Amino acid sequence: MKKTIFTLSFILFFGFLSAQHDENKWFYANMHVESAQALKNLDPDGIQILATHTNQSAVYVNEELAHHLHHNILTHGPGFLLRKSEEDAVSFIQKSFESRFNVMDFTITEDAFVEQCIDLVNAQNIEETILMLQAFGTRYHERPEAVQAINAIKAKWEALAAAAGRTDVSFEIVEHFGSPMPSLIMTINGVDNPDEYVIIGGHADSITWSASNAPGADDNASGIGTITEVIRVLLETGYRPQKTVQFMAYAAEEIGLVGSDEIAQTYFDEGKNVVAYVQFDMTNYKGSTQDIAIIEDDHTSDDLNIFLIELLEHYNSTGAHALTYTSSACNYACSDHASWEARGYLASFPFEARFNQSNPEIHTTGDVYSVSGNSNHAAKFSKLGLEFIIEVAKRSTLSTSEVDKPTANVVVNNKELLYEINNMNGKIKSLNIVDTSARNVLSKSDLETKGKISIASLPAGVYVAVFKDANGKSIVKKFLVK
Ligand code: BES
Ligand code: ZN
């Protein structure tokens, strides 16, 4: 809001433009709807607003008038994206809000490396990060400690990169309009597909009624601790992603998603292709029977949620890393994932508990580490984070999986699911079908490795078929019911 008033007063100050415009100096562009409106108010004859979609406009604008954006409204970039034609300008705002990826594009093929990585996750390291952040006393976005906390996270991540001898890892401090606190972005450049981004993030600020005492151990030192452990493991193993991987620690989430909103808007304006986004905000309070609650509402993506379910079924159904999941909902833009989803990117929010069973101490001076006392819960989220990054940031084309591993073929035909499992030990002990809300919608047991079952009861949608052998090992396959 502050930004708009500032913008408009500048515009009024420069409101002496002539109504005459040189015919040659007009061009097509995309810009934020507020910028387009501000220019229109300044000089109605200098701009035509051709179309508006969500908060982006396609415009035909006079160069002289557009110039005012550059000098007086934004300090980064020209404030608009130049387009060759009216068609380009209009189509850009329409289609870039739709993700170029969907549920069928995400596959699970990197078993050996994922298993190596999740074995390395150590809750002790997460504890260290949480205690370090809690010790600032407050990370309220207007306090100097908030800036110090961002710098401390940067120093910690830089030390991890330096220890691994990496020069392909970079760091950026992002200043904001809406807060004196900056955000932090760490980037590992993609080897093959550097223009495709896979991102995990969480907020670094905290809030309570008392600005000077806001420990924010669970909300959200825990999420930063979870992310820091993902970074440590990836760097320690010499991980080189095919797509570009980024880790974000945001400013000022607690006053209205300020840091993530500005960053996601910039990515959108620049046409950046964010393949998928996962948020970690509150990961260390085990308030529900199940370990991970996948937030399933209008601010998260069904496609990505079901992929997280697949990952959990595939990597965490049995053995040392076994964990359970459920679904829940915020039903409002409760954290930074909503900033990404609002720009049409696929975003998910795996959360510490069901919404109403989560940590009751958040936003109070009682949100301290001793409420949990260890970081075993947060460590589960680091594992999911590793699974997500490694499987999504691999090469875009389908990799060939190892031949001797069990594989599932499933086909939907005439209200039946035809399936065939290869290389499974013995019979199929159980088959469960799970929907995008993590609900078990159909169960069978003791099936032959090839056969068919009726799925006439399933409404249209995306499902995951979970086949388990006698040892509890899962083979997962998604399918569509039209
Ligand atoms: N970590 C919370 C969000 C949260 C709390 C999610 C409890 C699920 C259960 C986040 O930091 C927060 O406080 N968000 C605000 C909204 C935001 C737009 C200021 C909230 O939930 O009130
Ligand atoms: Zn939070």
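Residues numbered from 1 in each chain as written. Chains lettered and ligands numbered in written order. Predicted model: local features only at pLDDT ≥ 70, side-chain atom pairs only at ≥ 80, totals over all residues. Heavy atoms only, no water.

It is worth spelling out the sheet that holds strand 20 (residues 474–481) at this point. One open sheet accounts for four strands, arranged 17-16-19-20; its pairing is antiparallel. Every other strand in the sheet has two partners, leaving strand 17 (440–447) and strand 20 as the edge strands with one partner each. Direction aside, the axes of adjacent strands within the sheet are offset by 20° on average. Its contacts with the sheet put helix 10 (residues 302–315) on strand 16 (428–434), strand 19 (461–468) and strand 20, and the angle it makes with strand 20 is roughly 155°. (Pairing = 2+ DSSP bridges. Helix = DSSP H or I, 4+ residues; strand = E, 2+ residues; numbered from the N terminus. Axes fitted to C-alpha atoms, helices over the stretch in contact; angles between N-to-C directions. Contact = heavy atoms within 4.5 Å.)

What follows deals with the sheet that holds strand 2 (residues 47–53). The four strands lie next to each other as 2-3-1-4, forming an open sheet whose pairing is antiparallel. One side of each edge strand has no neighbouring strand; the edge strands of this open sheet are strand 2 and strand 4 (81–83). Geometrically, the sheet is characterised by an average inter-axis angle of 30° between neighbouring strands, direction not taken into account. Seen against the sheet, helix 2 (residues 33–42) touches strand 1 (26–32), strand 2 and strand 3 (56–62) and runs at an angle of roughly 130° to strand 1.

Turning our attention to the environment of Ile150. Inspection of the secondary structure puts Ile150 in helix 7 (residues 144–163). Not counting chain neighbours up to four residues away, the residues in contact with Ile150 comprise Ile173, Met181, Pro182, Ser183, Leu184, Ala204 and Ala249.

So, on to the site of ligand 1. The local shell around ligand 1 holds 17 residues, among which Glu253, Glu254, Asp281, Tyr332 and His363 are the closest. Compared with its free state, where it exposes 520 Å², ligand 1 has 82% of that area covered by protein. Residues of the shell around ligand 1, tallied by class, amount to nine nonpolar, four polar and four charged. (Near = heavy atom within 4 Å. Areas by Shrake-Rupley, 256 points an atom, 1.4 Å probe, with all protein chains shown as cover. Nonpolar A, V, L, I, M, F, W, Y, C, P; charged D, E, K, R; others polar.)

Below, the discussion takes up the packing of helix 7 against helix 8 (residues 217–236). Viewed as axis vectors pointing N to C, helix 7 and helix 8 meet at an angle of 15°, and their least axial separation amounts to 9 Å. Between helix 7 and helix 8, the interaxial angle falls into the category roughly parallel. Read as a crossing pair, helix 7 and helix 8 show a hand that is right-handed. Of helix 8, the residues touching helix 7 (which contributes Ile153, Lys156, Trp157, Leu160 and Ala161) are Ile224, Ile227, Thr228, Ile231, Arg232 and Leu235. When the residues that make up the contact of helix 7 with helix 8 are grouped by side-chain class, the tally is eight nonpolar, one polar and two charged. (Parallel < 35°, antiparallel > 145°, perpendicular 65-115°, else oblique. Left-handed = near helix turned anticlockwise from the far one by under 90°.)

Let us look at the packing of aromatic side chains. Taken as a whole and assessed by the stated rule, the structure comprises 14 aromatic pairs. Relative to Tyr239, the ring of Phe113 lies with its centre 5.7 Å away and its plane at 15°, an arrangement referred to as stacked. In this pair, Phe113 is assigned in helix 5 (residues 111–120) and Tyr239 in the loop between helix 8 and strand 8 (243–250), connecting sequence segments 126 residues apart. Across this residue pair, the class does not change: Phe113 and Tyr239 are buried. One aromatic cluster in this structure is built from Tyr197, Tyr267, Tyr277, Trp340 and Tyr345. Taking NZ or CZ as reference, Lys272 lies 4.1 Å from the ring centre of Tyr267, over its face. (Phe/Tyr/Trp six-rings, centres within 6.5 Å; stacked < 30°, edge-to-face > 60°. Buried < 20%, exposed > 50% of the residue type's maximum accessible area, 1.4 Å probe, protein only. Lys NZ or Arg CZ within 6 Å of the ring centre and 35° of its normal.)

A few words now on the coordination of the zinc ion (ligand 2). Here the zinc ion (ligand 2) is held by the protein donor atoms His203 (NE2), Asp219 (OD), Asp281 (OD) and Asp281 (OD), which lie 1.9 to 2.5 Å from it. Seen from the zinc ion (ligand 2), its six donor atoms lie at angles of 54 to 165°, and the figure they make is irregular. Sequence spacing among the residues donating to the zinc ion (ligand 2) works out to H-x15-D-x61-D. Taken together, the positions of His203 in strand 7 (residues 193–203) and Asp219 in helix 8 put the pair 16 residues apart, joining distant regions of the chain. (Donors = N, O, S within 2.8 Å, 3.2 Å for Na, K, Ca; no water. Tetrahedral: all angles 85-135°; square planar, octahedral: opposite > 155°, others 65-115°.)

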